[in-house]
Amino acid sequence: MDFLQEFSDPELCRALVAQLVEECTEPFRFMEVCGTHTVAIFRSGLRSLLPDTIIHVSGPGCPVCVTHESEVELYLEMACRRDTVTATFGDLMKVPGAGGSCLKTAQAEGAHVEIVYSPFDALALARKYPDKKVVFLGIGFETTAPTIAATIKMAREQKIDNFLVLSFHKLVPPALRALLDDPEIGVDGFLLPGHVSTIIGLEPYRFLADDYGIPGAVAGFDPLDVLKGLLAIVRMKNEGKPAVTNEYRRAVSDQGNPTAVAIMEEVFEPADALWRGIGSIPGSGLVFREDWKDFDAAAVLGLEQKPAKPLPGCKCGDVLKGKIRPDECPLFKKRCTPATPVGPCMVSTEGSCAAYFKYHIES
Amino acid sequence: MDKLLLDAGSGGLASHRLVADLFLKYFDNPVLAAMNDAAFLEGDPQGRPMAMSTDSYTVDPPEFPGGNIGSLAIHGTVNDVAMLGAEPRWLTCAFILEEGLDMAFLERVVQAMGKAAADAGVIIAAGDTKVVPRGAVDKIFINTTGVGPILVDPAPMGHRAAPGDAVLLSGSVGDHGLTVLGRREGLSFEADVQSDSAALNRVVKDLVTELPEVHVLRDPTRGGLATTLNEIAGQSSTVVRVEEKDIPISPAVVAGCSFLGLDPLYLANEGKLLCFLPEEHCDKALEIMRRHEVGQGAVRIGSVIDPKEATYGRAGQVVLTTNLGGSRLLSMLEGEQLPRIC
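Attention in this report is confined to the structure presented alongside it. (Residues numbered from 1 in each chain as written. Chains lettered and ligands numbered in written order. Predicted model: local features only at pLDDT ≥ 70, side-chain atom pairs only at ≥ 80, totals over all residues. Heavy atoms only, no water.)

1. Quick notes on the sheet that holds strand β5 (residues 133-138) of chain A
All names here are of chain A. Read across the open sheet, the four strands follow the order β4-β3-β5-β6; overall the sheet is parallel. Every interior strand has two partners, whereas the edge strands, β4 (113-115) and β6 (163-167), have only one. Looking at each pair of strands side by side, their axes are set apart by 25° on average, direction ignored. Across four bridges, the pairing between strand β3 (residues 84-88) and β5 is parallel. In the sheet register, V85 faces β5, and the bridge partner there is V134. On top of the sheet, helix α6 (residues 119-128) reaches β3, β4, β5 and β6; it is set at about 170° to β5, its chief contact. (Pairing = 2+ DSSP bridges. Helix = DSSP H or I, 4+ residues; strand = E, 2+ residues; numbered from the N terminus. Axes fitted to C-alpha atoms, helices over the stretch in contact; angles between N-to-C directions. Contact = heavy atoms within 4.5 Å.)

2. With respect to helix α8 (residues 251-260) of chain B
All names here are of chain B. Regarding α8, the residues found buried are A252, V253, G256, C257 and L260. The buried residues of α8 occupy one face: seen down the axis, they fall within an arc of 125°. The exposed residues of α8 that point more than 90 degrees off its buried face are P251 and F259. Against α5 (175-184) lie the buried residues of α8. With its phi angle positive at about 70°, G261 sits one or two positions after the end of α8. (Buried < 20%, exposed > 50% of the residue type's maximum accessible area, 1.4 Å probe, protein only. Arc of directions from axis to C-beta.)

3. Let's talk about the sheet that holds strand β8 (residues 216-219) of chain A
Residues and elements named next belong to chain A. Sheet architecture is open: five strands sit in the order β2-β1-β7-β8-β9, paired in parallel fashion. Of all the strands in the sheet, just β2 (54-61) and β9 (244-246) have a single pairing partner and so form its edges. Neighbour to neighbour, the strand axes of the sheet diverge by 25° on average, direction disregarded. As judged from the four bridges shared by strand β7 (residues 189-193) and β8, these two strands associate in the parallel manner. Residue pairing in the sheet places F190 in a bridge with G216 of β8. Across the face of the sheet, helix α8 (residues 172-180) comes into contact with β1 (28-34), β2 and β7 while running at roughly 165° to β7.

4. Re the packing of aromatic side chains
All names here are of chain A. Considering all chains together, one arrives at 13 aromatic pairs over all chains under this definition. Ring centres of F42 and Y359 lie 6.3 Å apart, and the angle between their planes is 20°; on these two criteria the pair is classed as stacked. Of this pair, F42 sits in helix α3 (residues 35-43) while Y359 is found in helix α16 (residues 352-359), placing the two residues 317 residues apart along the sequence. In this structure F42 comes out as buried when scored by relative accessible area, which is 3%. With a centroid separation of 6.4 Å and an interplanar angle of 75°, the aromatic rings of F332 and F357 are classed as edge-to-face. In this pair, F332 is assigned in the loop between α14 (316-320) and α15 (344-347) and F357 in helix α16, connecting sequence segments 25 residues apart. On the accessibility criterion, F357 (23% relative accessible area) is partly exposed. Taken together through their ring pairs, the aromatic side chains of F42, F332, Y356, F357 and Y359 make up a single cluster. Above the ring of W292, the side-chain terminus of R156 is found at 4.0 Å from the ring centroid. (Phe/Tyr/Trp six-rings, centres within 6.5 Å; stacked < 30°, edge-to-face > 60°. Lys NZ or Arg CZ within 6 Å of the ring centre and 35° of its normal.)

Keep in mind these numbers describe shape, not what the thing actually does.
If you want it as structure tokens, here you go:
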């Protein structure tokens, strides 16, 4: 069987769905933390196959969605400077600032913005434009932070002094703790992000079970992975033995990737960070360590994060916390569509509002 | 001369040399060779209605595995005309060229156009050339317009999709889009992907002459299969249901899309067609399509459903039955697909 299709095998999926129907006898709210899970569940049609007892809630695991309004404003302002080239992953291009502008509109007005596939591409841009500061937008979770840290180290080794990173990285475990501290959330279990877990392993999630009695399963992104993760959580619930398990062993080792973590920790250190819709979460961001400040775009360019108000009417925060479904937001499909996004959950391909808009069949 | 000079767009001798030495060499036909201000077209002796279509081609990179901007400009317009159940006969082509353009490159483009036109059985009957200063265009823009008689009455059109129609696709999707994107980003994939750029007029001619019952013909170019199906569902106010397991996608495209975070159902195709026709003619239509090299991979991918009878979906929507047997919307492409963070 083709490796790519092996984990979408319809027969095996049907068998797992049947097992879920049998074993999940009480209503159960699970949150898939990662945006890629959200899309995978919709795209594969799993959502229409899961039993009614399983209530599916999207969490704060889309890096674009959780980028705070003030961070968007700051990088938009930076992108408009004549002395900078902004290098970014594609999905940030359409994220609107408070005034409705975004990197795409800034580009149309003359800002030099380049879409890259890897931070190493941004380093190549720095070599190409020696007279400009090339700033890579460091947005993402533990998945991308080590590669960006490695790029920064390479820039130092190669004495490339016009390469900078604007670090708005966020860390997943502190956000989960913040969610669980909110009495309104009411999540019974977490489908934990496969990509992030390849780096950090299982240990950073242990508090879910130990401190809050909530089970979690690290899961991959193919339908079988998702179903396997859900079944593991349901069984832990039924047995009353919450734990954190690894259901994605072909990609994730329990220890994670210590080399990647070490590189990330060499360049960055944790700090409080602002999350859109959630607010400040202690220790949930990554800032440059003192030794590496010469690559910190905010410090080198003197950029200052200013308070920014949430977009009026936008309920992305409640969506990210799983308090409402996307279609319960009054702006959904009205003022807020992928063509005219009000909030980032509708902008990002991994955002739950965009997934709802794109894949959900209204009944 | 190995670089194009602004003089070549002056209208003077330099222009004439470009036309005579390059364009006429590869577009050789009596209508163009007459070199009048307009083409004299003999017209259609049966007095049938004509189809006309125009399109401008800009592609980065202009040369890619499976073709170049020249062959694409011929195939694209030939196919657009053909999709009305017509036989494209004449094309015009207008070039906007950048000063300093490499002449060997231009010759490869023009040569490919000449060959593509000859293979499709159309002639390039008129043309225009502008040369603009360096930087005013990105190397080369080509506009082509095509004209030809419509072979069947009523002509196949989007609004004619009707409940009970079978939805047929002539082959795998995503090849062109992934090839161009891969080249643009300098990516190489495990297995080679190649553009499917090809003329579809001969398969269309056989389809509509042997099966006048064809309701819709459409080539899923930009926006891909998903967007084209949505256009047809919208025009006909029906629900189109397609089966994911039946949509052919090459393993190389699946792998490349997975790597880049793209959906092959939204990638452009340049040599594929969708055919909607009443269920009972499905097998015959597949047999006709498979007769042609460009239709070797023809398959049925779905059906048209009356919105009142649809379990899922409303009028104008496309519903995909996934490989797992679940149902979800297959919506239109919104803007361009962009690479994502993780």
